[in-house]
Amino acid sequence: MGEMKERMLRGELYRDNDAELVAERHRAQALCAEFNRSAAGERRDAVLRELLGKLGEGSWIMPRFQCDYGYLIEIGSNSFLNYDAILLDCAPISIGDDVSIGPRCQLLTALHPMEDHELRRQRWETAAPIRIGNNVWFGGGVIVCPGVTVGDDTVVGAGSVVTRDLPSRVFAAGNPARVIRQL
């Protein structure tokens with residue numbers, strides 16, 4: 001494993017144009033393309049099992065699905081990702097059991113230097129993991145930002161942008177998402 005991949009996996013600054021990382025993204029893109037053009041069934045499931053770090057029993061994803069690497073994504077049992085999911089997995093993305101993710105949702109782990117313009121110009125970045133608990137429901141178009149944890153049994157309203165951790169058993173919505181009420 002090369003230095004940039006090691007740095008990425010440790011959550012340190014790394015350059016995404018590293019040859020090893022580019023090759024791994026190309027592999028994931030090829031598998032995503034195969035998944036997206038496949039009919040539902042055994043082949044589509046096999047592609048997901050080759051692409052993802054874990055796909056729990058009874059879980060499924062609708063096409064169009066996109067990710068950076070795939071192997072950093074773990075999905076528990078009986079979970080569902082609807083059409084047009086984008087999971088930028090430069091850091092681990094963990095999705096629990098019985099999760100429903102609406103269409104066009106985005107889970108984004110990549111971070112770019114805000115204050116250091118030169119580092120950003122040179123394409124340095126970091127990433128922070130996303131953790132989604134059990135029995136979570138995201139309405140359509142939800143965006144989850146890097147480093148966020150969403151607790152068990154939480155519902156996030158359509159179009160929300162989740163910039164901070166959400167506790168268990170709440171309904172949250174808005175941009176940025178805020179807790180509206182307990183569930």
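Residues numbered from 1 in each chain as written. Predicted model: local features only at pLDDT ≥ 70, side-chain atom pairs only at ≥ 80, totals over all residues. Heavy atoms only, no water.

With that settled, the discussion passes to helix H2 (residues 19-37). Compared with an ideal rise of 1.5 Å per residue, which puts 19 residues at 27 Å, H2 spans 27 Å between its outermost C-alpha atoms and is within 8% of the ideal. Against the buried residues of H2 lie helix H1 (3-10), strand E1 (14-15), helix H3 (42-51), strand E3 (60-61) and strand E4 (65-67). Two or three places before Glu20, at the start of H2, stands the capping residue Asp18, its side-chain oxygen 3.2 Å from that residue's backbone nitrogen. (Helix = DSSP H or I, 4+ residues; strand = E, 2+ residues; numbered from the N terminus. Expected span 1.5 Å × (residues − 1). Contact = heavy atoms within 4.5 Å. Polar contact = N/O pair within 3.5 Å; in protein donor to acceptor, adjacent residues only side chain to side chain.)

On to the pattern of salt bridges. Where charged atoms from two side chains of opposite charge come close, those side chains can pair. If you walk through the whole model with that rule in mind, you get nine salt bridges. Residues Glu6 and Arg10 are paired through a salt bridge, measuring 3.7 Å at the closest nitrogen-oxygen approach. With a gap of four residues between them, Glu6 and Arg10 both fall in helix H1, about one helical turn apart. Salt bridges linked by common partners bring Glu6, Arg10 and Glu12 together as one network. (Salt bridge = Lys/Arg side-chain N within 4 Å of Asp/Glu carboxyl O.)

Let's shift gears to the side chain of Asn82. Among the structural elements, Asn82 can be located in the loop between strand E6 (80-81) and strand E7 (85-88). Excluding residues within four positions of it along the chain, Asn82 makes contact with Met62, Ile101, Gly102 and Pro103.

Structurally, Arg64 is set in the loop between E3 and E4. Sequence separation of Arg64 and Ile86 is 22 residues, and the distance between their C-alpha atoms is 8.6 Å.

A separate point is the pairing of E7. Only one face of E7 is covered, namely the face carrying Ala85 and Leu87; the face carrying Ile86 and Leu88 is uncovered. Across three bridges, the pairing between E4 and E7 is parallel. Bridge assignment links Cys67 to a residue of E7, and that residue is Leu87. Relative to strand E10 (residues 106-108), E7 runs parallel, the two sharing three bridges. Bridged to Ile86 within E10 is Gln106. (Buried < 20%, exposed > 50% of the residue type's maximum accessible area, 1.4 Å probe, protein only. Pairing = 2+ DSSP bridges.)

In short, the description is geometric, and any link to function would need to be established separately.
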